[in-house]
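Read off the chains here:
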Amino acid sequence: MKVTEHIAKAKGKTQFTFEILPPLKGQHINALFNSIDELMEFKPPFIDVTYHREEHVYKDRGNGLHELKVIKKRPGTVGICAAIQGKYRVDAVPHILCGGFSKEDTENFLVDLDYLEIDNVVALRGDSVKSETYFTPNKDGHAYASELVQQIAALNQGNYLDDELLNSHPTHFCIGVSGYPEKHMEAPSLESDLHFLKKKIKAGADYVVTQMFFDNQKFFDFVAKARAEGITVPIIPGLKPLSTLKQLNMIPHRFHVDLPEALIKEVIKCKDNKAVRQVGVEWCIQQSKELMTSSVPFLHYYSMGKSDNIKQIAEEVF
Ligand code: FAD
């Protein structure tokens with residue numbers, strides 16, 4: 001079922017959803033299933049599965065030479081989505097990137113999803129590979145998520161890349177895109193970022209999922225500005241409970257989001273990561289409860305493969 005249909009079916013009730021990462025290559029899928037098992041009692045209508053593009057690593061050949069290898073550390077997005085739909089009978093929402101994909105790769109990826117009866121995708125540009133400062137699209141790939149949305153929307157009309165295909169089957173993907181309450185790191189301003197968010201909606205996106213934020217006011221302001229821009233699709237807040245002391249620096253650095261002073265102070269007082277985890281849980285519960293009063297369709301949690309803290313939050317909120 002489409003994410004937008006889940007929203008309609010819930011008739012205004014806020015639902016619990018979460019995002020998982022495919023395991024590192026070489027690990028068994030059971031650890032992932034165990035963490036999903038923990039959260040199924042909260043009846044998520046869908047589970048997002050991230051996509052991880054290739055990385056460039058240099059392998060020491062031991063003779064003073066290094067060999068460049070292109071590897072994928074977390075493959076398996078499509079397989080995991082199929083496994084989730086089969087095992088739990090909930091919708092799995094794969095993320096799909098511009099980065100590392102040609103248009104042909106994108107089309108073939110979408111064909112696989114369609115065969116697997118996957119009804120939703122989140123369309124993203126992706127980041128640059130670590131060895132590059134700026135994002136470089138694939139040869140014959142997309143430079144921005146809006147172009148990727150356009151391709152998916154075209155496929156939904158039965159328009160494949162090969163225009164000689166006759167009687168082509170139209171797909172019916174519901175398309176999610178990202179939004180940044182504190183603006184995307186490369187955007188010169190929030191206004192400019194919202195302008196391009198609107199472009200993604202015009203291209204055919206059905207809903208927005210936000211980057212994590214720790215100050216609800218930032219989300220409320222973002223939604224108000226998006227509505228003023230004429231963006232009317234559902235906007236789903238993304239939440240992540242802080243769980244380690246290291247994240248105090250890592251989260252602002254990696255995700256370009258601010259942490260509120262009150263949260264920083266509480267974390268600094270903690271003696272160990274167990275205490276930080278508890279502070280993170282309590283902060284996220286407060287955020288969740290307040291967001292719920294503003295009638296958001298879902299509270300979408302970034303689990304990062306660990307479910308115990310998300311479970312603690314869900315027990316208090318749902
Ligand atoms: P875009 O929407 O394309 O925007 C990128 C930047 O370009 C923005 O600054 C925007 O303002 C600007 N821009 C857009 N269009 C134009 C234009 N036409 N001209 C000029 N500027 C323009 N990454 C992964 O690798 N895998 C994942 O699974 C993943 N999941 C995510 C889920 C969510 C909910 C979020 C918020 C992020 C996720 N990311 C993921 C990270 C994401 O890939 C990065 O943040 C990436 O840098 C931007 O992707 P985007 O789709 O937001 O890009």
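Residues numbered from 1 in each chain as written. Predicted model: local features only at pLDDT ≥ 70, side-chain atom pairs only at ≥ 80, totals over all residues. Heavy atoms only, no water.

Chemist: Run through the pairing of strand S1 (residues 15-20), naming residues and quoting values.
Modeler: Note on strand geometry: in a regular strand, side chains alternate between the two faces of the sheet. Counting buried positions along S1 gives 6 out of 6 residues, so the element sits mostly inside the fold. Here S1 shows a buried face lined by Gln15, Thr17 and Glu19 and a second buried face lined by Phe16, Phe18 and Ile20. As paired strands, S1 and strand S10 (residues 298-302) are joined by 5 bridges and run parallel to one another. Of the residues in S10, the one forming a bridge with phenylalanine 16 is leucine 299. Sheet analysis places S1 next to strand S2 (residues 46-49), joined by 3 bridges and oriented parallel. Residue pairing across strands places phenylalanine 18 opposite isoleucine 47, the latter belonging to S2. Between the parallel elements S1 and S2, the chain passes through helix H2 (residues 30-39) in a crossover that is right-handed. (Buried < 20%, exposed > 50% of the residue type's maximum accessible area, 1.4 Å probe, protein only. Helix = DSSP H or I, 4+ residues; strand = E, 2+ residues; numbered from the N terminus. Pairing = 2+ DSSP bridges. Right-handed = clockwise from strand over helix to strand, strands pointing away.)

Chemist: Which residues make up the nonpolar core, and what values do they have?
Modeler: The tendency in soluble globular proteins is for nonpolar side chains to be buried as a group. Ranked by internal contacts, the top residues of the largest apolar core, which has 90 residues, are Ile20, Ile36, Ile84, Ile152 and Tyr301. Top contributing element to this core by residue count: helix H10 (residues 273-293), with 6 residues. (Core = buried A, V, L, I, M, F, W, Y, C linked by side-chain atoms within 4.5 Å.)

Chemist: Help me get a handle on the site of the ligand, residues and values and all.
Modeler: Taken together, 22 residues lie around the ligand, and Asp127, Ser178, Tyr180, Asp193 and Lys200 are the ones closest in. A distance of 3.0 Å separates an oxygen atom of the ligand from a polar atom in the backbone of glycine 126. Serine 178 is positioned such that a nitrogen or oxygen atom in its side chain is 2.6 Å from an oxygen atom of the ligand. When the free accessible area of the ligand is taken as 990 Å², the share hidden by the protein chains comes to 86%. A per-element tally of the shell around the ligand places helix H6 (residues 190-203) first, with 4 residues. Class assignment of the residues belonging to the shell around the ligand gives a composition of 10 nonpolar, 6 polar and 6 charged. (Near = heavy atom within 4 Å. Polar contact = N/O pair within 3.5 Å; in protein donor to acceptor, adjacent residues only side chain to side chain. Areas by Shrake-Rupley, 256 points an atom, 1.4 Å probe, with all protein chains shown as cover. Nonpolar A, V, L, I, M, F, W, Y, C, P; charged D, E, K, R; others polar.)

Chemist: Describe the pattern of salt bridges, naming the residues involved and giving the relevant values.
Modeler: In total, this model carries 15 salt bridges according to the counting rule given. Residue arginine 61 is joined to glutamate 67 by a salt bridge in which the shortest nitrogen-to-oxygen separation is 2.4 Å. The salt bridge involving lysine 218 is made with aspartate 258; its shortest N-O contact spans 3.9 Å. Taken as a pair, lysine 218 in helix H7 (residues 216-228) and aspartate 258 in the loop between helix H8 (247-255) and helix H9 (261-268) lie far apart in primary sequence, 40 residues in all. (Salt bridge = Lys/Arg side-chain N within 4 Å of Asp/Glu carboxyl O.)

Chemist: Summarise the packing of helix H4 (residues 103-115) against helix H5 (residues 145-156); cite the residues concerned and give the values.
Modeler: Angle between the axes and distance between the axes are the two parameters that describe a pair of packed helices. The contact between H4 and H5 brings their axes to 11 Å, and the two run at 50°. Judged by the angle between their axes, H4 and H5 are oblique. Seen along the crossing, H4 lies across H5 with a hand that is right-handed. In this structure, H4 contributes Lys103, Thr106, Glu107 and Leu110 to the contact, and H5 contributes Leu148, Gln151, Ile152 and Leu155. (Axes fitted to C-alpha atoms, helices over the stretch in contact; angles between N-to-C directions. Parallel < 35°, antiparallel > 145°, perpendicular 65-115°, else oblique. Left-handed = near helix turned anticlockwise from the far one by under 90°. Contact = heavy atoms within 4.5 Å.)

Chemist: Describe in detail the environment of leucine 165, supporting the description with residues and values.
Modeler: Mapped onto the secondary structure, leucine 165 falls in the loop between H5 and strand S7 (174-179). On the basis of relative accessibility, which here comes to 42%, the residue leucine 165 falls in the partly exposed class. Sequence spacing of leucine 165 and glutamine 287 is 122 residues, and the spatial spacing of their C-alpha atoms is 50 Å.

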